[in-house]
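Chain residues, written in single-letter form:
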Amino acid sequence: MSLIIVAILCISYLLLATESLTKVNKSAVAMFAGTIGWVLYICYGTDFVMGQYAREYTEFLNGALPSSALVKQFIAENVFLKHVGQACGIVLFLLATMTIVEILNNNGCFDFVSQLLRTRSAKRILWIIAGVTFIISANLDNLTTTVMMLTIMHKIVPARKQRLIYGSAIVLAANCGGALTVIGDPVGLVLWNAGAVTATSYSMGLLLPCLAAWLLPTWWIGRMLPERVQTEWITMPYRGDDTRLNVWQRLMMLFVGIGGLWFIPTFHNITKLSPFLGACCVLVVLWVVNEIFNRKLMNDDAMIQRPVPRVLQYGVLQMMLFVMGMMLAIGVVDETGALACVRDFIDHNIHNVWIVGLLSGLFSIVIDTFANAFSWFSLFDMTAACEHAVDVDAYEAAFAQNGLLWRVVAYTSAVGGNILAIGSLSGIALVKMERMRISWFFRNVGWKALVGGSLGFLIMLAL
């Protein structure tokens, strides 16, 4: 049964890598692997429990006679629930940030982006849109940022050929910016939530590599653009029917929403509670500010919300299901003991963090960055990272809290997803929105992203 569960995960990886051909949604694949895996696990629960949790199960029985029902109860309460809790912590964080984006969007807090693009200079538009994307994606998840910026760009640039170039720059900036912080991408969020990294150390260790992986290919992409580009002027939308906030009120809400997210690491350090609760606190404060600023419209029943664009809402919901499904699928494989065998093979035959990082980057080219990174992280005990003592052996020290392994795998997974558009959810969003061919992306952008990512990898190696 262990082989069957592992085979289901491997088939899922194959479907993830070939989504552009099979047209099978990644979220559906992940949820199928996660649910079917646990159903098969609990059907043969006695064998797995006696092999992995013999002592804990004996204590659980407390003198009672073993039975199939008690085995299932033990799995549900002591094995399955911890994986659900870990996955829910990430999904609830994404849900809170998505709601924050919805409130900010309803009040026109992102309208300033359109105003910054009031120019016909192609390169100026490129650097403004890439810079804003990089900054926002470090605070929000990269898929939300990508879809939001692609929507803005689509309204401003009418020429499809130029939209492909700008869209590619947005994907690069979102993936690199998201990789920079623990709240910008589910990969960093998983590490932070498990205690494998701290927010400041993680960001400082990835700052220069992420900047190199973003700046070099973006500058290269800019050479593909003409000096001037045709744009459609965007004026500040009329907000009389859905919000009457003036500029300073919108800036205040933007500060509370985005600035509050930066406070989450401090909240976590003080309370030691899960980061998703900090995101919920930010959401509560922003919600109260929204109620106060829009109280007149609400009292008059005149508040007509502008919902988040359907493509954004649909994409983020899919990402939540994808994250949940992959964490459950990899979790059940771990419980079979299969990952322990792979871990022993790596320890005895590879025994090098940089090789592990290169392998991670290679797989993330075709497999989703989160699925790839979480697979590698699950090979090692993230939750015990803070308990590892820094040993003289550099390989063993890499598994400590803020160890090198976590940063290397997170970085290579992120930049590996930039080489082919199918390697990340952000790239897939671009492919679907602009109907872009993967071959075009690699010829014009992917190999440049590979050079930039390699430069960042060398910087990490030198530091």
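Note that the structure is a prediction, hence the values are computed from the model and not measured.

J.: A description of the overall build of the chain should follow, citing residues and the corresponding values.
T.: A count of helices and strands for the chain gives 23 helices and 0 strands. A globule of 463 residues ought to have a C-alpha radius of gyration of about 23 Å, and the chain, at 23 Å, matches this closely. Based on the C-alpha atoms only, the size of the chain along its principal axes is roughly 75 × 55 × 45 Å. Looking at the chain as a whole, 55% of its 463 residues qualify as buried. In the chain, once contacts between residues fewer than 6 apart in sequence are set aside, the share between residues at least 24 apart is 79%. On the chain, roughly 20,200 Å² of surface is accessible, and the fraction owed to carbon and sulfur atoms is 66%. Across the chain, the mean location of the 30 positive side-chain charges is 17 Å away from that of the 27 negative side-chain charges.

J.: Help me get a handle on unusual backbone geometry, residues and values and all.
T.: Of note in this structure, K23 is not a glycine but carries a positive phi near 65°. Mapped onto the fold, K23 is located in the loop between α2 (19-22) and α3 (26-43). Not every positive phi belongs to a glycine, and K272 is a case in point at roughly 65°. Among the structural elements, K272 can be located in the loop between α13 (247-271) and α14 (275-293).

J.: Got a sec to walk through the nonpolar core? Specific residues and values, please.
T.: Counting residues in each nonpolar core, the largest one holds 145 residues, and the members touching the most others are Y166 and M326. Per-element accounting of this core gives the leading share, 16 residues, to helix α6 (residues 68-106). Sequence-distant contacts of Y166, that is, excluding residues within four places in its chain, are made with A122, I125, L126, I129, M153, V157, L225 and V229.

J.: Tell me about helix α17 (residues 338-350), and please be specific about residues and values.
T.: Between its first and last C-alpha atoms α17 spans 18 Å; for 13 residues at 1.5 Å apiece the expected length is 18 Å, and the two agree. Directly after α17, the chain includes H351, whose backbone phi takes a positive value near 50°.

J.: Break down the environment of N290 for me, citing the residues and quoting the values.
T.: For N290, the location among the structural elements is in helix α14. Linking N290 and L189, residues 101 residues apart in sequence, is a C-alpha distance of 27 Å.

J.: Outline the confidence of the model for the chain, supporting the account with residue identities and numerical values.
T.: In this model, the chain carries a mean pLDDT of 83, and residues with pLDDT of at least 70 account for 90%. Across the chain, the secondary-structure element scoring lowest on mean pLDDT is helix α15 (residues 295-299), at 62, and the one scoring highest is helix α12 (residues 199-222), at 92.

J.: How would you summarise the packing of α3 against α6 if you had to cite specific residues and measurements?
T.: Contact geometry of α3 with α6 gives a least axis separation of 11 Å together with a crossing angle of 150°. By the angle between their directions, the pair α3 and α6 is classed as roughly antiparallel. At the point where α3 passes α6, the crossing takes the right-handed sense. For the pair α3 and α6, contact is made by W38, Y41 and I42 and by K72, I75, V79, F80 and H83, respectively.

Conventions and cut-offs
- Residues numbered from 1 in each chain as written.
- Predicted model: local features only at pLDDT ≥ 70, side-chain atom pairs only at ≥ 80, totals over all residues.
- Heavy atoms only, no water.
- Helix = DSSP H or I, 4+ residues; strand = E, 2+ residues; numbered from the N terminus.
- Rg over C-alpha atoms; globule rule 2.2 N^0.38 Å.
- Buried < 20%, exposed > 50% of the residue type's maximum accessible area, 1.4 Å probe, protein only.
- Contact = heavy atoms within 4.5 Å.
- Areas by Shrake-Rupley, 256 points an atom, 1.4 Å probe, with all protein chains shown as cover.
- Lys, Arg positive; Asp, Glu negative; His and termini not counted.
- Charge placed at Lys NZ, Arg CZ, Asp CG, Glu CD.
- Core = buried A, V, L, I, M, F, W, Y, C linked by side-chain atoms within 4.5 Å.
- Expected span 1.5 Å × (residues − 1).
- pLDDT = per-residue confidence, 0-100.
- Axes fitted to C-alpha atoms, helices over the stretch in contact; angles between N-to-C directions.
- Parallel < 35°, antiparallel > 145°, perpendicular 65-115°, else oblique.
- Left-handed = near helix turned anticlockwise from the far one by under 90°.

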